[in-house]
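Topology and contacts: notes
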Amino acid sequence: MTLRPLWFLPVALFLAAQSACTETPVSLPLRSLERSGEVSFACVSTDGQGAHINVCPDFDGERRMLALVTQTLRGEVAVVDLSAGSVVDYDPSTPGFNFIPVGENPVDIVTTPGGVASFVGIGGTGRAGIVGLPSTCLRRPAQDLTTWPACSLPKAPGQMHVLVDRADDQGRIRASCDTAPTPDAATAGTAIAASREVCPADLALEVVEPGRRKLLVEIPDLGGIAVIDAQELLDRPPGSFDPCSVERFLPLDVQLPAGDTLQPVPPDLQAPGCVAPEVNYGPPANGFLPRPSGFEVADDKLYVADLAAPVVHVIDAKDPCTLSELPPLLPVSFESRNRVVTTRKVAVSPPTREGRRFLYSIDDFEGSVMIFDVTPGNADRTPIVRPGSPLLPFEPADRISFSSPARDISFALRDAPITDPQTGVGTVGTLCDPDPELDLSSPAAKYRTTLDYTRGARPRQLRGVFGFVALASGQIAVVDVEDWDAACRRPVRANSDPAEDFRGCAGDPKSPESYTLPGDDNPTVSVEASCRVVEAHRARSGSFVVSNNQLGARAPGIRSLPRLRAAEGGNLPTDQSEEGKQNPKLLAVDFAAPGGGAEPAELYVSTNLYQRGSPNAATELVIEPASADDLSLSLMRRQPRAFAEEDVLVEYEGLLSAERPAGFLQIGAPGAATVLRDADGSFCNRGIEDAALAAEVAADMGVAANKRAAYSARHADYVQITSELRAEDDRYWTDGAGKSCGGASGKAAFLGCRTDFGTSDTPSDLRDFRVTEARQNELTVEPRNAKNAADRQSVLDRLACCFGGSALRYRLRAGHQWIVRGGRSGFRHNVVADADLRCIRDCNPRRSLLRSRILEVSSSSCKGPDCGIGSASSADVACVVSGEKALAPGGAGAECIFENLLYRFAIYRGTAPTERDMAFSFQLIGGFTPLVANLAAQTAAVSPQSMTFVPQLGQLAVVDGAAEGLVLVSLDTVGISRLFF
Amino acid sequence: MLKLRALCCSALLLCSPTGCFDPGEGVEPPLSRIYFPVGMAVSPGQSRLYVANSDFDLQFNGGSLQALDLERLRALVPKACSADSDCTSEQRCDDEPSDENAGVPSHWCVAAAGAQAGKPCGAVGEKSDATDVLIPGRCAFVDLKKPPDGGAAILLGAVGIGAFATDVLYRSRPNGPGGRLFIPVRGDATLHYVDVIDDSDVGSVPFELECGQRENGGDCDDRHRRGDDPDEENTRGLRLLQEPFGIDGTANGDAMVLTHQTEGAASLFVNDAESWGDGVSSFGVGPKLEFAVGGLPQRAIGVAALPEPAVVAETGLFYQPGFLVTFRDASEVRLIRYFDDAASQPPRPFIQPSGVANITVNSLGFDSRGIALDASQRTGCEASCPSAAGTARSDCLNQCAGVPLRVFVANRTPSSLLIGHTRPNQSATSSDDLPQFFDTLALPFGPSRVVVGNVIDVDGMLKPRVFVVCFDSRKVGVYDPDARRIEKWIETGRGPHAFAVDTQLDAGGGHALAYVGHFTDSFVGVIDLDQRNRTFGSMVMVLGRPSPPRASK
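Just so you know, these numbers come straight off a predicted model, no measurement behind them. (Residues numbered from 1 in each chain as written. Chains lettered and ligands numbered in written order. Predicted model: local features only at pLDDT ≥ 70, side-chain atom pairs only at ≥ 80, totals over all residues. Heavy atoms only, no water.)

1. Describing the overall build of chain B
Broken down by element type, chain B carries eight helices and 32 strands. For 553 residues, the compact-globule estimate of 2.2 N^0.38 gives 24 Å, and chain B sits close to it at 23 Å. With respect to the principal axes defined by its C-alpha atoms, chain B has extents near 75 × 60 × 55 Å. Out of the 553 residues belonging to chain B, those deemed buried represent 61%. Partitioning the contacts of chain B with sequence separation of at least 6, the portion at a separation of at least 24 is 57%. Surface accessibility of chain B: about 19700 Å² in total, with carbon and sulfur atoms responsible for 51%. Taking the average location of the 49 positive side-chain charges in chain B and that of its 70 negative ones, the two points are 5 Å from each other. (Helix = DSSP H or I, 4+ residues; strand = E, 2+ residues; numbered from the N terminus. Rg over C-alpha atoms; globule rule 2.2 N^0.38 Å. Buried < 20%, exposed > 50% of the residue type's maximum accessible area, 1.4 Å probe, protein only. Contact = heavy atoms within 4.5 Å. Areas by Shrake-Rupley, 256 points an atom, 1.4 Å probe, with all protein chains shown as cover. Lys, Arg positive; Asp, Glu negative; His and termini not counted. Charge placed at Lys NZ, Arg CZ, Asp CG, Glu CD.)

Here's what the structure looks like:
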């Protein structure tokens, strides 16, 4: 044994001690950009000469692509060298980052196409104008404000754009709008600024898109657009700030077109007597003053959003010197027809394969996005009302709405063409084709989703035309405009019938019946749960709507089979045991097949598909009440966007909404109406069904006319008073109105009231009041369990003296029926307030699927403890069937099958009476996850200000007003690729 | 700055659990000194500026409330000019570089002759360069008691109040002369009230400030500190919860809601006829603490009363006044309703949460501070209704009740101004009055307070603006709600917080000023809000001697 190796022990101990004491240094990134606003891109050679934007990025290092970002707080422009990947500090010798000073409140920035100069609009009070930034001086050393040529404007500018006054056929251009075209004006070196020693700028050097560069400048306060010659501005003496030479000024016109404004409505939203094929908004009101708030040029037309007038101006911009206004687009709101709709920001899509163009504009009032069809030749001038809206009743039919208001919008056309092996050519715009007969080597077949879901048509594969919406919350949402892979994103089963099946499929070709390859049954589609995974002008899915072991539970489904909860808590059995038969059952019902007949009920439970009649006993869905041991339901997968993960309760006499804190009961004279008033009650919005609405339901269900009153009395909603009595020792019982309650005083009065009304935990049925008439802010009620007028008056008198005139807590409950309530979605209904605030049923088909009330099915013939369906009582006037068979489409009692936006099932009564607050519960999973790029993933301090698609980079550039500065979002991954702050 | 923050944190830690102010002993606060100002209010007739000082560093045994003479103050503000003709015959316009203006013309009227000839700041003198970094503006400070012109003092009166006041609210007496100031005080967890004149009322009360101070050594007496006497004030045995912070009240002051910055609660004070007195023979018993509602998100901060639509009072509609409350710990705004419980015997007024508006316009959205409402569009609508009583007027007023209010909230995750509106009402009585936020505007760090007021634009018209005060970054943003942009960033000194607007148009052109209470350096800055002037958006006067907090000296 030797001791020599121990020499290192002290050293090791020392090192260990050192490392234990050393903290890992925290590296805090230094943020240089501050309150960034807008961005413009310039391609500049290393010697400062501008180059056309399309020759950047340049991987040879001869040219740099610069992002010029306005700094709104500091009145500067920051320059980000995208080629070097860094923010440029113009004076490294001065602490902090030093940028280009331009003046107070920079509003917007634009760069000429050839990159020779950029222009910044500044909006300081009394110091509004435009500053020219020659690219030759975008290099170090730092320049001060007096370096830049500038001109002043009478009011602050808004958005700007560079438009080219094109050269004529002989290459001649106009030096100004008021001169004739000459060859000289196109000659490089003739401009004053061209020969300047410091910061020269010669726009004649821009040979791509030849012509004179004109600045189009919005002047919001003046309601118009100014045209300013860019070279003339650059030619001004540096540091000067004389008034701009406005060559043309187009005052925007808000003389709306005469005649009615009509908005076409798709067939699925039309209803005779309720919604006409066209919504008529009447003749548009005039008298608005324009305030331009963002524009975009497409097809030689300038589209201008307006923050003050209900128009999107359309301007013929073929010649910037003769701008003229065309008939405007007319923003309206299908949901809120009296609202004056104004807009901020517009974007125009690239043409689709059919040559269609769409304009998106942000509704200023709510931050949603309207869609206009601006395809040449299209006459409709109102927002598109999208078909399929009844399946998405919470999104406006004529708007794309998001969880947070939109801040900016942009479009991109993208493809990754696959080369055709026969021609050797990769064609942009090839559609994915799922036809099993197609040659597998053809490009259209190669775009299909692969079996392992890693390639081909998939959520993050953006092939086609897409919209991007920057949300105020810091997310970039993706909208499908034209997805060239859409045909391959669907279920395997085809439906050639024009009527939709429960998967949302309809009108498929007769052949094939199934999108699988003939040989091996491998699918040629993505096997998603719905045919509406990809829809034009709707949010794009962020994941496959598929449930399997590979991808997890992504299709609409439930986590585990439903359970029944007792009123007082704890689970109840629902199997075929004696005790189980006493309890009600929630069971799936077969789907109605589009061509008639039935399709077997099915349901995803986690990743397993349960089906009625499945050969696998483990996944067989038993729907017969007389034999089912498990509870079940079916999900309607027509529209995956309608699903949200949540806990769902189906509750007997359940609550329509949370307890209300303060209602005032006004008890009239004997025989007069008793009214519960609550200014914030919003009773119609909560879906209350009074006696009249209950009678309507009875009529719809085919209840005989002479039984509707009984139905209405039994099933109208009711108010349950939940207030506690005043405390036993409260002065109310000795000095207040309670001192003679029931002929007693003090404690005796209190005890008498408690005996009659119970407590909020153990309420007596004297606390229940049927709603005979409902209005938005008041309910006419009557005691629910009183037998005659005298009884009713007695209850009311007693209530008055026991509770006094103070505000009452109360709940709204459904009468002898089950209701569905989602943890997030709440109680869905189609009750609205009419002009007189009376609660009525909304006849608009958009809300037709918002149903949440279920009558339980009872049997007229089945008696005794072994019945599959509990027996009907004399009070039951609807949903009484003979026997104990499950309900089926078109069969007896089919009107009692519950089907709404999401669910399809029936509830069968047990042999024991159903009790209030019994509830079936299940957890909804899967559905639809929108595709978003989350800027807040890096830091929560995010506030997107503007967004633009940079085709040269294939990325979105998002300017963040908070901590992130300039963010580049890759469209390959739909995620952040680079950050510059 | 770090020391100051440490001091603030220490003070908060010491005070937050129970309230640490003992008004009995210690050095009396110098009542004429602006000292950590936290709240300011302009009287309805615009003749008084009330400043609540908080004694934040506990140097004294309490804070103070001061009444300043705004007419004197405005007379001392330099007059902007563009030519000599804009000035009096003894003055000229300082529009050319000169030795007197150190080569930088002020564009103010200056003395044409005499010792102060050509000097932009006159007898006040120019600030030293050394103070330029911390105190913006050109001129040195103006003493409240000895203004530089040798005229009457600007300070009209002052009283001692508890330490750690947080705000001040003015309400006119509804059925008599005079008005009343309400001041939440964290130190002793009370609501102070001080009777004052109502300068919009001809026959007002015979004192400047009255809170029993004459018999109490200059400090408000116990009778004027409410919320600490459960037996007298309410039937519920309530005492005001700790750390009252924000305050707002109905237009006639019958209900006032206070937030509590360390709890999820808000309190209700009620001013009934007994509370007010008639203002002649009796000045009432003061506001009564009636209720505290809990169960709100933690750290309630800002509160704003919803203005009652005119149709309610005119037609006697069923209506419960509402308040919007912001929170530091929740990304939401709560609507709280006031119930007078008049039908009950005995009535016991209360407040109840009535709705929630989630903030979805920011990435996180919690840590909201100040909130302000702009009812100018609705009141404009109401003003345009027929003046003769009748169906036409009531129909018109009913329509106007549906005009949404603009809502503005200062939020810090990230720093931003939230812009929204209340939802259009279905009727005057059936409204949820909840805001819906549709836009957010990025701000520099530390927005704390939002105030709605007017500026005078270049055409000499009053135009509404939203002023958002950014405490940490020493800036006040002037937001144009019509153009939807910040039109001006006002540079301030350290710790701007309290803010009041004083704008009026008259035959002489009117005035447009704002007063910024600088918490850190204890002075009030006067800001020019007249866009016709070159000094628009800049500090034109410093009121009170700036003094850095002790910890940073």
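After that view of the structure, there is still more to cover.
2. Considerations on empty space enclosed by the protein
All names here are of chain A. Here the structure, examined in full by the defined rule, presents five cavities of 30 Å³ or more. Along the walls of the largest cavity sit Tyr652, Arg714, His715, His816, Gln817, Leu855, Glu856, Asp876, Val877, Ala878, Cys879 and Arg909, which together make up its complete lining. Of the voids in this model, the second largest cavity is the one considered here, and its volume is about 70 Å³. Forming the boundary of the second largest cavity are Glu646, Val820, Gly822, Ser825, Gly826, Arg828, Ser852, Asn900, Leu902 and Tyr903. The residue inventory of the lining of the second largest cavity, partitioned by class, reads three nonpolar, five polar and two charged. (1 Å grid on protein atoms, 1.4 Å probe; cavity = no way out; pocket = protein on both sides within 12 Å on 5 of 7 lines; lining within 4 Å. Points joined across faces, edges and corners; volume = space filled by probe spheres on them. Nonpolar A, V, L, I, M, F, W, Y, C, P; charged D, E, K, R; others polar.)

3. Concerning the nonpolar core
Residue and element names in this part refer to chain A. Of all hydrophobic cores here, the largest spans 37 residues; its most connected members are Ile688, Val719, Phe769, Leu779, Cys802, Phe803 and Leu812. Mapped onto this core, the elements with two or more residues apiece are β43 (718-721), α7 (746-757), β44 (768-774), β45 (778-783), α8 (789-803), β46 (808-813) and β48 (831-833). Sort the elements by how many residues they give to this core and α8 lands first, with six residues. Setting aside its immediate chain neighbours within four residues, Phe803 contacts Ile721, Ser723, Glu724, Leu725, Arg726, Tyr732, Phe757, Arg767 and Leu808. (Core = buried A, V, L, I, M, F, W, Y, C linked by side-chain atoms within 4.5 Å.)

4. Comments concerning the packing of α7 of chain A against α8 of chain A
When two helices pack together, their arrangement is given by the angle between the helix axes and by the axis-to-axis distance. Residues and elements named next belong to chain A. Between α7 and α8, the shortest axis-to-axis distance is 10 Å and the interhelical angle comes to 130°. By the angle class used here, α7 and α8 are oblique. Of the two elements, α7 crosses α8, and the hand of that crossing is left-handed. Taking contact as the criterion, the partners of Gly752, Cys753, Asp756 and Phe757 in α7 are, on α8, Val795, Arg798, Leu799, Cys802 and Phe803. (Axes fitted to C-alpha atoms, helices over the stretch in contact; angles between N-to-C directions. Parallel < 35°, antiparallel > 145°, perpendicular 65-115°, else oblique. Left-handed = near helix turned anticlockwise from the far one by under 90°.)

5. Regarding the environment of Phe643 of chain A
On the secondary structure map, Phe643 of chain A appears in the loop between β39 (634-635) and β40 (646-652). If we skip the residues at most four places from it in the chain, Phe643 of chain A touches Pro556, Leu635, Met636, Arg637, Leu902, Leu924, Gly926, Gly927 and Phe928 of chain A.

6. Looking at the sheet that holds strand β10 (residues 150-152) of chain A
All names here are of chain A. Strand order in this open sheet of four strands is β7-β8-β9-β10, and the pairing throughout is antiparallel. Looking at strand neighbours, the two that pair on one side only are β7 (106-111) and β10, the edges of this open sheet. Across this sheet, the average inter-strand angle for adjacent strands is 15°, counted without regard to direction. Taken together, the eight bridges between strand β8 (residues 117-124) and strand β9 (residues 127-134) define a ladder with antiparallel strand orientation. Note on β9: the bridge partner recorded for Phe119 is Gly132. (Pairing = 2+ DSSP bridges.)

7. A look at the interface of chain B and chain A
When the parts of a complex come together, some accessible area is lost, and that lost area is often taken as the interface size. Residue-level contacts link 53 residues of chain B with 53 residues of chain A. Taken together, the two surfaces of chain B and chain A that pack against each other cover about 4100 Å², and 49% of this comes from carbon and sulfur. One salt bridge in this structure joins Asp439 of chain B and Arg407 of chain A, with 3.3 Å as the shortest N-O distance. For the pair chain B and chain A, the number of links is 18 residue pairs in polar contact (both at pLDDT 80 or more). (Buried area = accessible area lost by both parts, 1.4 Å probe. Salt bridge = Lys/Arg side-chain N within 4 Å of Asp/Glu carboxyl O. Polar contact = N/O pair within 3.5 Å; in protein donor to acceptor, adjacent residues only side chain to side chain.)

8. What about the pattern of salt bridges?
Oppositely charged side chains are able to pair whenever their charged atoms sit close together. Counted by the stated rule, this structure contains 101 salt bridges over all chains. Close ionic contact of Arg775 of chain A with Glu773 of chain A constitutes a salt bridge, the shortest N to O distance being 3.2 Å. By relative accessible area, Glu773 of chain A is classed as partly exposed at 28%. For Glu232 of chain B, the salt bridge is made with Arg226 of chain B, and the minimal N-O distance between the two is 3.3 Å. Take Arg226 of chain B: its relative accessible area is 4%, and that puts it in the buried class.

9. Brief notes about the packing of helix α5 (residues 691-700) of chain A against helix α6 (residues 708-715) of chain A
Residue and element names in this part refer to chain A. At a closest axis distance of 8 Å, the pairing of α5 and α6 adopts a crossing angle of 125°. Here α5 is positioned oblique relative to α6, judged by the angle of their axes. By crossing handedness, the relation of α5 to α6 is classed as right-handed. Residue-level inspection shows Ala691, Ala694, Ala695, Val697, Ala698 and Ala699 of α5 in contact with α6, the latter providing Arg708, Tyr711, Ser712 and His715. Considering only residue class, the contact of α5 with α6 consists of seven nonpolar, two polar and one charged.

10. Quick notes on α7 of chain A
All names here are of chain A. Counted at 1.5 Å a residue, the expected span for α7 with its 12 residues is 16 Å, and the 17 Å between its end C-alpha atoms agrees. Taken together, the buried positions of α7 are occupied by Gly746, Ala749, Phe750, Cys753 and Phe757. Angularly, the buried residues of α7 cover 100° about the axis, an arc narrow enough to put them on a single face. The elements touched by buried residues of α7 are α8. Taken from the residues just after α7, Gly758 is the one with a positive phi, measuring 70°. (Expected span 1.5 Å × (residues − 1). Arc of directions from axis to C-beta.)

11. Some words on the packing of aromatic side chains
If you walk through the whole model with that rule in mind, you get 29 aromatic pairs over all chains. Measuring from centroid to centroid gives 6.5 Å for Tyr903 of chain A and Phe905 of chain A, while their planes differ by 50°, and the two rings are tilted. For the pair Tyr903 of chain A and Phe905 of chain A, a shared accessibility class is recorded, and that class is buried. What links up through ring pairs into an aromatic cluster is the set Tyr35, Phe36, Phe56, Phe60, Phe164, Phe471 and Phe519 of chain B. Above the face of the Phe318 of chain B ring, Arg677 of chain A is positioned so that its terminal group lies 4.3 Å from the ring centre. If you follow Arg726 of chain A out to its NZ or CZ, it ends over the ring of Tyr732 of chain A, 4.1 Å from the centre. (Phe/Tyr/Trp six-rings, centres within 6.5 Å; stacked < 30°, edge-to-face > 60°. Lys NZ or Arg CZ within 6 Å of the ring centre and 35° of its normal.)

12. Observations concerning the sheet that holds strand β24 (residues 399-400) of chain A
Residues and elements named next belong to chain A. Within the open sheet, the four strands sit side by side as β21-β22-β23-β24. Their pairing is antiparallel. Unpaired on one side and paired on the other, β21 (343-348) and β24 mark the two borders of the sheet. Two strands pair when backbone bridges link them, and strand β23 (residues 369-373) and β24 are joined in this way by two bridges, in the antiparallel orientation. Bridge pairing links Met370 to Arg399 in β24.

13. What about the pairing of strand β38 (residues 608-611) of chain A?
On a regular strand, each side chain points to the face opposite its neighbour's, so the side chains alternate between the two faces of the sheet. Residues and elements named next belong to chain A. When strand β37 (residues 602-605) meets β38, the two strands line up antiparallel, connected through four bridges. The partner of Leu603 across the bridge, within β38, is Tyr610. Between β37 and β38, which pair antiparallel in sequence order, lie two residues; one of them, Ser606, sits at a positive phi of approximately 55°.

14. Structural notes on the state of the cysteines
All names here are of chain A. On inspection of all chains with the given rule, the structure shows 18 disulfides over all chains. Each disulfide pairs two cysteine sulfurs, and for Cys274 the partner residue is Cys843, the sulfurs being separated by 1.9 Å. An S-S torsion of about 80° defines the bridge between Cys274 and Cys843 as right-handed. In this pair, Cys274 sits in the loop between β15 (262-264) and β16 (278-280) while Cys843 sits in the loop between β49 (839-841) and β50 (853-854), placing the two residues 569 residues apart along the sequence. (Disulfide = S-S within 2.5 Å.)

15. So, the side chain of Asp89 of chain A
Residue and element names in this part refer to chain A. Secondary-structure assignment places Asp89 in the loop between β5 (86-87) and β6 (100-101). Put simply, Asp89 is tucked away with no salt bridge, and the nearest opposite charge, on Arg140, sits 6.0 Å away. A polar contact is formed between the side chain of Asp89 and the backbone nitrogen of Asp91, at a distance of 3.1 Å.

16. A look at α5 of chain A
Since the α-helix advances by 3.6 residues per turn, residues separated by three or four positions end up pointing in the same direction. Residue and element names in this part refer to chain A. Taken together, the buried positions of α5 are occupied by Ala691, Leu693, Ala694, Val697 and Ala698. One side of α5 carries all its buried residues, which in axial view fall inside an arc of 165°. Those residues of α5 that are buried lie in contact with α6, β44, β48 and β49. Two or three places before Ala692, at the start of α5, stands the capping residue Asp690, its side-chain oxygen 3.2 Å from that residue's backbone nitrogen. One or two positions beyond α5, positive phi appears at Gly702, with a value near 85°.

17. Some thoughts on the confidence of the model for chain B
Residues and elements named next belong to chain B. Across chain B, pLDDT averages 91, with 93% of residues at or above 70. The low-confidence segment residues 1-22, where pLDDT is below 50, has 31 contacts with residues more than four positions distant or belonging to other chains. Across the interfaces of the predicted complex, the ipTM metric reaches 0.89, alongside a pTM of 0.92. (pLDDT = per-residue confidence, 0-100.)

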